[in-house]
Amino acid sequence: MADALLIVEGLTKRFGGVVASDNVRLDVARGELHAIIGPNGAGKTTLIGQLAGEIAPNTGSVQFDGRDITALPVPDRSLLGLARSFQITSLFPHFTALENVALAVQAHAGHSFRFWRPAREESVLREPAGAALERVGLSHRADTLCASMSHGEHRQLELAMALATGARMLLLDEPMAGLGPDESARMVKTLRQLKGELTILLIEHDMEAVFALADRITVLVYGRTIASGTPTEIRANAEVRQAYLGEQEAVSHV
Amino acid sequence: MSGLFTPRNVMVAAVLVLLALMPVYCALTANTFLMSFFTRVLILGMAAISLNLIMGFGGMVSFGHAAYLGIGGYVFGILAKEGVTSGLIQWPAALLICGLFALAVGALSLRTRGVYFIMITLAFSQMAYYIAIALDRYGGDDGMAIQRRSQFGDLVNLNNRTFFYYLCFVLLLATVYLVWRLVNSRFGLVIQGARSNERRMRAIGFPTFRYKLVCFVIAGVICGLAGVLLANFSDFINPSAMNWIRSGDLIVMAVLGGMGTVLGPLIGAVAFLMLEEVLSRFTEFQGLILGPLLLAVALYARGGIDGILMGLRRG
Ligand SMILES: Nc1ncnc2c1ncn2[C@@H]1O[C@H](COP(=O)(O)OP(=O)(O)OP(=O)(O)O)[C@@H](O)[C@H]1O
Ligand SMILES: [Mg+2]
């Protein structure tokens, strides 16, 4: 894979007796939207945790843009252009929406050993943050305290923060978790706009969204990748149908 | 709406005016007790503000902050006893040593969380405490009187009560301004972000450890300055200045006054020291009153006194 941005090889992670990642291999091409699906507890979040650097794998390697990042700390990976969002919303409740996103901009605007100027007034931070809010459709809530926003807005804010880091690749852990139909549609629209511009690894239970958005899909069951291919191939794959899709009502009429 | 004249701002202004005019009142009434009482308020207020920088804004609950009060005082006192009387050497030396001590404590403690962090900061301060006790040449357990206050040439005379008071007052205001700039700067937002959600901070690209460590050192240096002032003021150093009980007092001042604002701990220091003073006239068991009061703050007024004032609406 000459054009792969992310290459994962032989990744294994054990939690006591549970093998959460079992010799996972995966590659994501530049500009691709690659979805990962799998039942609850399949090891999807654990995989993202290892890609983002929060969880150290027992064995295996992760390469990003031709560089081995297996041992790189979390912040360094972010600085290389690998951004993640969280399945369980993880924000700064006492900051406004704009301040949340501006922090992500600040993290990538040189070091922060700047002790004097009021950072909230810096337009070099505010403007890119405002642009990221605009992309996810949250401009009108810029000055609202994060703690008093709705769950749906939190999910949008999660995405805006990942975007604001200026990342080349997004690792999105169930961005649509808990969203209503309208909010989901809005999120799908946003992701469609991002597609092609950025490389995206998307974890999602919403099959309709996955099959509509993904260039390729990898299926994870009990920590193992049992199949990988285009949406059409995955839909036709007997093993996948048996192991996973069979349980999912949604897929039959996609 | 909430303009300049909120109850909170009026109260803060009143406290500052009161502190600024105190020497005038004391001169008119020849009241030396009040004068020295409020000098201590200024100095300990400064220490509480420095603690709150790491505790309130950074979420780093240090249970050993009084160590810097003691170390600052001891560096000054030891140099004075060894014949180095120039403040231009004593003061920078004290701040430097406090900074290095904070660097060592922070480098270890900031790798841990919660109760372990508290324990490590406590352990280090107790270490400093016992080292001071072992310094026989400098009074050991009993401490040591200091013959001369710091010398800064002919224009500055620290023996003048009024001058000393205003020096503390100006340094306190400078500290307030500095900390206020700091917590709103890029650096300050990193510190506040790390308190709120360190995991997310790292995920968006901040190596939080180094920022917290620098913040920890800044707080230690400011408290070291308070220590130098306190030792100059009392002409005396002794180990109990860094006892864990003193660290607890600083925490109480910050919590009582309010950890959410830069000025909260100053208000807390005024309230705490006044309560302590007044209660000590009626009872030996001040804790019986202070304890429940703190409990009430923790249960019903998380923002402390400053938080209550900010919650008040006019009209
Ligand atoms: N820190 C941990 N310690 C122990 N076991 C863990 C830990 N994290 C995850 N696991 C286990 O690893 C397995 C994979 O969990 P993971 O959260 O990665 O699944 P998932 O595919 O993201 O599930 P979901 O769809 O519910 O989000 C589960 O069996 C889980 O219980
Ligand atoms: Mg998950």
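Further up the page is the structure itself.
It should be emphasised that the depicted structure is a prediction, and the values quoted were computed from it without experimental measurement.

This part takes up the site of ligand 1. All names here are of chain A. In the region of ligand 1, 13 residues are neighbours, and Gly-41, Lys-44, Thr-45, Thr-46 and Gln-87 sit closest. Take Thr-45: an N or O atom from its side chain is 2.7 Å from an oxygen atom of ligand 1. One nitrogen or oxygen atom from the side chain of Thr-46 is found 2.5 Å from an oxygen atom belonging to ligand 1. With the chains in place, 60% of the 630 Å² that ligand 1 exposes on its own is no longer accessible. The element best represented in the shell around ligand 1 is helix H1 (residues 44–52), accounting for three residues. Along the lines of polarity and charge, the residues of the shell around ligand 1 split into four nonpolar, seven polar and two charged.

Here the focus is the side chain of Gln50(A). Residue position: Gln50(A) is located in helix H1. The residues touching Gln50(A), leaving out its near neighbours within four places in the chain, are Leu11(A), Thr12(A), Lys13(A), Ser21(A), Ile55(A), Pro57(A) and Arg77(A).

Now for the sheet that holds strand S6 (residues 82–84) of chain A. Residues and elements named next belong to chain A. One open sheet holds the six strands; their spatial order is S6-S7-S8-S3-S9-S10, and the pairing between them is mixed. Edge positions in the open sheet fall to S6 and strand S10 (224–229), since each of these has one partner strand only. Geometrically, the sheet is characterised by an average inter-axis angle of 15° between neighbouring strands, direction not taken into account. Where S6 lies against strand S7 (residues 169–173), three bridges are found, and the strand directions are parallel. Within S7, the position partnered with Arg-84 by the bridge is Leu-171. Across the sheet, H1 is in contact with strand S3 (33–37), S6, S7, strand S8 (199–203) and strand S9 (216–221); its angle to S7 comes to roughly 150°. With respect to the sheet, helix H5 (residues 151–164) is in contact with S6 and S7, its orientation differing from that of S7 by roughly 160°.

Ideal values differ by geometry: the angle at a metal is 109.5 degrees with four tetrahedral donors, but 90 or 180 degrees with six octahedral donors. Residues and elements named next belong to chain A. Every protein donor of the magnesium ion (ligand 2) is accounted for by Thr-45 (OG1) and Gln-87 (OE1), and the metal-donor separations fall at 1.9 to 2.1 Å. Within this pair, whereas Thr-45 is found in helix H1, its partner Gln-87 is found in the loop between S6 and helix H3 (97–107), the two being separated by 42 residues in sequence. Among the residues examined, Thr-45 registers a relative accessible area of 34% and is labelled partly exposed. A residue is classified by how much of its surface remains accessible, and Gln-87, at 30% relative accessible area, is partly exposed.

With that settled, consider the pairing of S9(A). Residues and elements named next belong to chain A. For S9, the buried fraction is high: six of the six residues fall into the buried class. Both faces of S9 are covered, namely the face carrying Arg-216, Thr-218 and Leu-220 and the face carrying Ile-217, Val-219 and Val-221. Where S3 meets S9, four bridges bridge the pair, whose relative direction is parallel. Bridged to Ile-36 within S9 is Thr-218. With five bridges connecting them, S9 and S10 associate as antiparallel partners. Note on S10: the bridge partner recorded for Val-221 is Arg-224.

Conventions adopted
- Sequence positions are assigned chain by chain, starting from 1 and proceeding in written order.
- Chain letters and ligand numbers both follow the written order, the letters beginning at A and the numbers at 1.
- Thresholds applied to this predicted model are a pLDDT of at least 70 for local features of residues and 80 or more for the giving and counting of side-chain atom pairs; totals over whole chains, interfaces and linings are not thresholded and use all residues.
- With hydrogens and water excluded, all non-hydrogen atoms of the structure serve as input to the side-chain values.
- We call a residue near a molecule or strand as soon as one heavy atom of that residue lies within 4 Å of the molecule or strand.
- Pairs of N or O atoms within 3.5 Å make up the polar contacts considered here, provided that, within protein, one atom can donate a hydrogen while the other can accept it, and that residues adjacent in sequence are counted only when both atoms are side-chain atoms.
- All accessible-area figures derive from a Shrake-Rupley calculation using a 1.4 Å probe, and residue coverage is judged against the displayed protein chains alone.
- Secondary structure elements are defined from DSSP: runs of H or I of at least 4 residues count as helices, runs of E of at least 2 residues count as strands, and each element is numbered from the N terminus.
- The residue classification treats Ala, Val, Leu, Ile, Met, Phe, Trp, Tyr, Cys and Pro as nonpolar and Asp, Glu, Lys and Arg as charged. All others, Gly included, are polar.
- Should any heavy atoms of two residues lie within 4.5 Å, those residues are counted as being in contact.
- Strands are labelled as partners when DSSP assigns at least two bridges between them.
- Axis lines are fitted through C-alpha atoms, for helices just across the contact stretch, and the angle between N-to-C directions can take any value from 0 to 180 degrees.
- Metal-coordinating donors are taken as N, O and S atoms lying within 2.8 Å of the metal, or within 3.2 Å when the metal is Na, K or Ca; because water is left out, some sites can appear incomplete.
- Categorising residues by exposure relies on relative accessible area from a 1.4 Å probe, with only protein chains included: less than 20% of the type maximum marks a residue as buried, more than 50% marks it as exposed, and the intermediate range marks it as partly exposed.

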